[in-house]
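# Structural overview
Given next are the chains, with one letter for each unit.
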Amino acid sequence: MDRDGQFGLPSAAALQGYRIWDSYFTPSHGHPGPDGFSAVLADIERSRRALELGRFEKACYFAHVGLGTTRDAELETLLDAEPDRVVVPLERYPDLLLGMIQLNANDPGASREAIDRWIVEGPMVGAYLPGGGPAALTCTHRNVIGLVERLAEAGAVIMVHTWIKTGGKGGPGESTPAELAELARRFPGQSFVCAHAGGEWEKGIRAVRDVPNILVETSGFDATAGFLEMAVRELGAGRIVFGSHLPSRSLGTELSKVTAAEVTEEEKRRILGANFRALLGE
Amino acid sequence: MKRRALLESSLSVAAAGIVSTSSLSKSENRTQDGGGVLSVFDTNVSLFRWPFRRLPLDETEALVRRLRELGVARALAGSFEGVLHRDCGAVNRRLAEECARFSELLPVGTIDPGRPGWESDLEECAGELGMRAIRLFPNYHGYALGDRRFHALLERAATAGLLVQVAVALEDTRTQHRLVAVPDVDLGPLPEAVGRVPGVLVQVLNDRPRGAYPEALLDESRISFDVARVDGTDGVARLRDMVGWERVLFGSHAPFLIPEAALIRTVHESGLAEHELRCIVGGNAERLLFDKA
């Protein structure tokens, strides 16, 4: 049934014109599978319809590389001993995938080595600081500051999970946008991505507004109307990057935040891809 | 507008079960195919002001314009005023008056069974205001679904032939105003409550299922669900697998949520069979509201 350009989804031609680069793709985000990759591959397949409908050019996911970012000791040992398993998704989907490594700031020594092994030498393009699980550590902690120094030298993209939750943090290691702002002020030449815009975006946007080296990422909360309009108004379209959070969120929820917003087509184009490409030096 | 005129206006749309030609002609998203026009019935929109922020579509004209653009031919419209206002009768009359200006909108009255006189509010909804459904906000109004007042309400709604919409949530608990932090409604007692009232029909709004529903909820065929917050790229398909396509109804929770979100998820992303899609986006709501035996 041809419903191109109808029922809320822009036409295929329009989507292609946006050149969508997804900065926050989360196939099996918490655990890649006992072999280090099979659950990631399964979730990429689960996302295939949405990725194709959206005409995504690239999607950036967050790889576990054996730093203790899961609670599965066997898996962590396996990934450390056989790092080739880490890159299986990138090899399977070379045209689609980009990767960042999930860091464990609770183990700064191993994390520093991983930055060299996976980012400086490649193929990963950046680092992700998780907000939950065994690797979570508030981004103002001195361990994180030390890692950011190394990441800045390596020219890496830094994606930081942030949330502001009614009733308090989800866990002691979760970061808020205000904490990210504190970190980012120490590194004015380094860009940071404030994942989920803090969830409670009215506060999140205001918390990072005066720190120009922070961009906000759009995924991970309901499709609450008015978000993108406020983000463009307060930050400018140049400081917003699109994320899909697929497959645990949906194309409908995440894409419509941008495509249905009352902003210009040029602003949508920047948010959906151009800004992330610029961060990556593309 | 006088109540009588209001009644006639509401009834002319609701009772006929027909959308005016003029409103359909304004829809830009109709698809002609073997099965005819894919006509969307949004069972979950709200009018007036969300208490905590202005929304891009919180003027009725703007909302209706957007719904038309998206191919929504009809919508069940509740009132955000019903969440915190205490005089539900006045809330419902304002809502009916506003809906009467737009042929797409069918008003859904708010009932708070914890307030004195709720019975007459309900009778007014079913009678003078010509409504087909009522909407409940148990978490904001402070009662559980095992409460005897809820049972009494279901009985009266069944007698009046009103669909009962139960809003599990209006906003993610993580992002609520800290002084109005409201947990999601516990659906646990709902199957038993519905089971005790012959003929009552209930629609759950804004639930975000996490894992499988309890057996009792799956077994009660008179409980249906909307898709407004059913997220995940395959979320709608999973809900269909859990409860059956006959019990899934399109709802967007606009204008609080962007209406395109649920629409893209349902029409494009879920890979539903054509007949399932047609029922979910419109047919099931038509059946629940207009085909009562």
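Not measured: the values here are computed from a predicted model.

## What about the packing of helix 5 (residues 88–99) of chain B against helix 6 (residues 118–126) of chain B?
All names here are of chain B. Interaxial distance between helix 5 and helix 6 falls to 9 Å at its minimum, and their mutual angle equals 15°. The angle between helix 5 and helix 6 places the two elements in the roughly parallel class. Considering how the two elements wind past one another, helix 5 and helix 6 form a crossing that is right-handed. Contacts between helix 5 and helix 6 pair Cys 88, Gly 89 and Asn 92 from the former with Asp 121, Glu 124 and Cys 125 from the latter. By residue class, the composition of the contact of helix 5 with helix 6 is two nonpolar, two polar and two charged.

## Points about the interface of chain B and chain A
Opposite the 37 residues of chain B that make contact, chain A presents 37 residues. If you tally residues by element for the side of chain B that touches chain A, the top one is helix 12 (residues 259–269) of chain B, at nine residues. Taken together, the residues that form the side of chain B that touches chain A break down as 14 nonpolar, 11 polar and 12 charged.

## Some details on unusual backbone geometry
With an omega dihedral of 10°, the bond running from Gly 122 of chain A to Pro 123 of chain A counts as a cis peptide bond. Going from Ala 254 of chain B to Pro 255 of chain B, the amide bond is cis rather than trans, its omega being 5°. Of note, the phi angle at Arg 55 of chain A is positive, near 55°, even though the residue is not glycine. Topologically, Arg 55 of chain A is positioned in the loop between helix 3 (48–53) and strand 2 (56–63). Of note in the backbone geometry, Ala 197 of chain A takes a positive phi value of approximately 50° without being a glycine. Tracing the backbone through its elements, the reader meets Ala 197 of chain A in the loop between strand 6 (192–195) and helix 9 (201–208). Residue classification places Ala 197 of chain A among the buried residues on the basis of 33 C-beta atoms within 10 Å.

## Quick look at the confidence of the model for chain B
Regions with low pLDDT should not have their predicted coordinates read in detail. Residue and element names in this part refer to chain B. Mean pLDDT for chain B: 90, with 87% of residues reaching 70 or above. Of the regions scoring below 50 in pLDDT, residues 1–28 engages in 41 contacts with residues more than four places distant in sequence or in other chains. Considering only residues more than four positions removed or in separate chains, one finds that residues 30–34, a stretch of pLDDT under 50, has 10 contacts. Predicted complex, confidence summary: ipTM 0.97, pTM 0.94.

## Side note on the pairing of strand 5 (residues 157–161) of chain A
Every other side chain in a regular strand lies on the same face of the sheet, so the side chains alternate between the two faces. Residues and elements named next belong to chain A. The element strand 5 is largely enclosed, with a buried count of five among its five residues. Judged by which residues are buried, strand 5 turns out to be covered on both faces: Val 157, Met 159 and His 161 on one side and Ile 158 and Val 160 on the other are all buried. Sheet analysis places strand 4 (residues 126–129) next to strand 5, joined by four bridges and oriented parallel. Looking at strand 5, one finds that Gly 126 is bridged to Val 157.

## Remarks on the nonpolar core
Among the nonpolar cores identified, the biggest contains 176 residues, and Ile 101, Ala 127 and Cys 194 of chain A together with Ile 134 and Val 164 of chain B are the most heavily contacted of them. Ranked by residue count, the leading element in this core is helix 13 (residues 274–290) of chain B, at seven residues. Those residues in contact with Val 164 of chain B that sit more than four places away from it in its chain are Ile 134, Leu 136, Leu 154, Ala 157, Val 200, Leu 201 and Val 202 of chain B.

Cut-offs and rules
Per-chain numbering applies: the sequence of each chain, read as written, is numbered from 1 onward. Chains carry letters from A onward and ligands carry numbers from 1 onward, assigned in written order. Only residues with pLDDT of at least 70 are given local features in this predicted model, and only at 80 or more are side-chain atom pairs given and counted; all residues enter the totals for whole chains, interfaces and linings. Interaxial angles span 0 to 180 degrees and are taken between N-to-C directions of axes, which are lines fitted to C-alpha atoms, for helices over the stretch in contact. To qualify as a helix, a DSSP run of H or I must reach at least 4 residues; to qualify as a strand, a run of E must reach at least 2; elements of each kind are numbered from the N terminus. Note on terminology: angles under 35 degrees are roughly parallel, angles over 145 are roughly antiparallel, angles of 65 to 115 are roughly perpendicular, and the others are oblique. When the near helix sits turned anticlockwise from the far one by under a right angle, the crossing is termed left-handed; a clockwise turn instead gives a right-handed crossing. Contact between two residues is assigned whenever their backbone-derived C-beta positions fall within 7 Å. Polar here means any residue outside two lists: the nonpolar Ala, Val, Leu, Ile, Met, Phe, Trp, Tyr, Cys and Pro, and the charged Asp, Glu, Lys and Arg; Gly therefore counts as polar. Counting other C-beta atoms within 10 Å of a residue's own tells you its class, since 20 or more makes it buried, 12 or fewer makes it exposed, and anything in between is partly exposed; those C-beta atoms are placed from the backbone. The predictor rates its confidence in each residue with pLDDT, a number between 0 and 100. Should DSSP find at least two bridges between two strands, the strands are regarded as paired. For this analysis, nonpolar core means a set of buried Ala, Val, Leu, Ile, Met, Phe, Trp, Tyr and Cys residues linked through C-beta atoms within 7 Å.

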